[in-house]
Amino acid sequence: MIAVIDYGVGNLFSVEKALLQFADDVVVTGDEKLILAADKLVLPGVGDFGECMSNLEATGLIPAIRQKIADGTPLLGICIGEQILFEGSEESPGAKGLGLFKGMVRRINAPGLKVPHMGWNSVNFSEPKHPLFKDLGEHPYFYFVHSYHCVPEDSSVITAVTEYGEQLTAAVAKDNVMATQFHPEKSGDVGLQVLKNFIEM
C-alpha cells in the first residue's frame, strides 16, 4: 500500500491519480495507522515552507513518519515535500524542517530571470544514475514551480540538477529517502516513469 500523506497542503489527488496508473492500492490519508501500515510513503507539498511545516506538525504524524523512515520504508518527497526534509528555509526564518538532510533551502539567485522558476526545464543526473531515474534518457524535461531550492551540506546526496540563473538542486536521495523539486505528476511520460520506478523499487 502506498500512502500519500495528507496534511492539508499540495495537489494530493493529482499525485494519487498518477500513482494509480502503476499501483492498485494508493490511499490519500492523514491516518497514523494507515501511514504506519504503508509499504511506501509519498510526501507532497505546495506553498510556503513554514505553513507546510506548521500543518504537518499539527497532524501529529511526524513521529510516525520518522519511525517509518527508520524502519527502511521508502519515502518520496515532492516540491515543498522535498524542501521540508531539510533543516530550514530562507522563506520561513525560524521554522524548522524535518532535518533528514543537512542543509538549508535558499532563494533562487537568477538575475534577469523571473522568479519563481516556473515551467519545463531539463535536468542532468548525477552518476551513477539513481534508481528513481531508471529508463530515462539524458537531460529529460520536468515541470518546476518554485522560488527556493535545496542546498545540501553534503553534495553527494544530489541526484539531479537543473540550470536557472544558477545550478539548482532538482532531486536528492539518501538511503530510503528521496525527493524531487520538480512535479513528476505534472511532467508527462517522464514524470510517470519516475513514479513507476519509485513503486517498483
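To keep things clear, this report deals only with the structure shown in the data block.

Cut-offs used in this document
- Residues numbered from 1 in each chain as written.
- Predicted model: local features only at pLDDT ≥ 70, side-chain atom pairs only at ≥ 80, totals over all residues.
- Heavy atoms only, no water.
- Helix = DSSP H or I, 4+ residues; strand = E, 2+ residues; numbered from the N terminus.
- Buried < 20%, exposed > 50% of the residue type's maximum accessible area, 1.4 Å probe, protein only.
- Contact = heavy atoms within 4.5 Å.
- Pairing = 2+ DSSP bridges.
- Axes fitted to C-alpha atoms, helices over the stretch in contact; angles between N-to-C directions.

Tracing the chain through its elements places Val 26 in strand β2 (residues 26-29). Classification of Val 26 as buried rests on a relative accessible area of 10%. The contacts of Val 26, once residues within four sequence positions are left out, are Ile 2, Val 4, Glu 16, Leu 19 and Leu 20.

The buried fraction of strand β10 (residues 148-152) is high, at four of five residues. Sheet topology places strand β6 (residues 103-107) next to β10; five bridges connect them, and they run antiparallel. When the sheet's bridge partners are listed, Arg 107 is paired in β10 with Tyr 148.

So, on to the sheet that holds β10. In space, the three strands of this open sheet follow the order β5-β6-β10, with mixed pairing throughout. Edge positions in the open sheet fall to β5 (88-89) and β10, since each of these has one partner strand only. Inspection of the sheet shows β5 paired to β6 by two bridges, in the parallel sense. If you follow Ser 89 over to β6, its bridge partner there is Val 105.

Here we take up unusual backbone geometry. Of the consecutive residues Val 115 and Pro 116, the connecting peptide bond is found in the cis state with omega at 20°. Its place among the elements puts Pro 116 in the loop between β6 and β7 (117-122). Residues Glu 127 and Pro 128 are joined by a peptide bond in cis, for which omega reads -5°. Relative to the helices and strands, Pro 128 resides in the loop between β8 (124-125) and β9 (141-146). The backbone of Cys 79 shows a phi angle near 60°, a positive value even though the residue is not glycine. Position of Cys 79 among the secondary structure elements: in the loop between β4 (75-78) and α5 (80-83). Overall, Cys 79 belongs to the buried group, its relative accessible area being 3%.

The strand order across the open sheet built from eight strands is β2-β1-β3-β4-β13-β12-β11-β8, with neighbouring strands paired in mixed fashion. Each end of this open sheet is capped by a strand with a single partner; those strands are β2 and β8. Sheet analysis places β8 next to strand β11 (residues 158-163), joined by two bridges and oriented antiparallel. Paired with Phe 125 across the bridge in β11 is Ala 160. Across the face of the sheet, helix α6 (residues 188-200) comes into contact with β1 (2-5), β3 (40-43), β4 and β13 (177-180) while running at roughly 145° to β3.

Remember that the coordinates give geometry; whether it matters functionally is a separate question.
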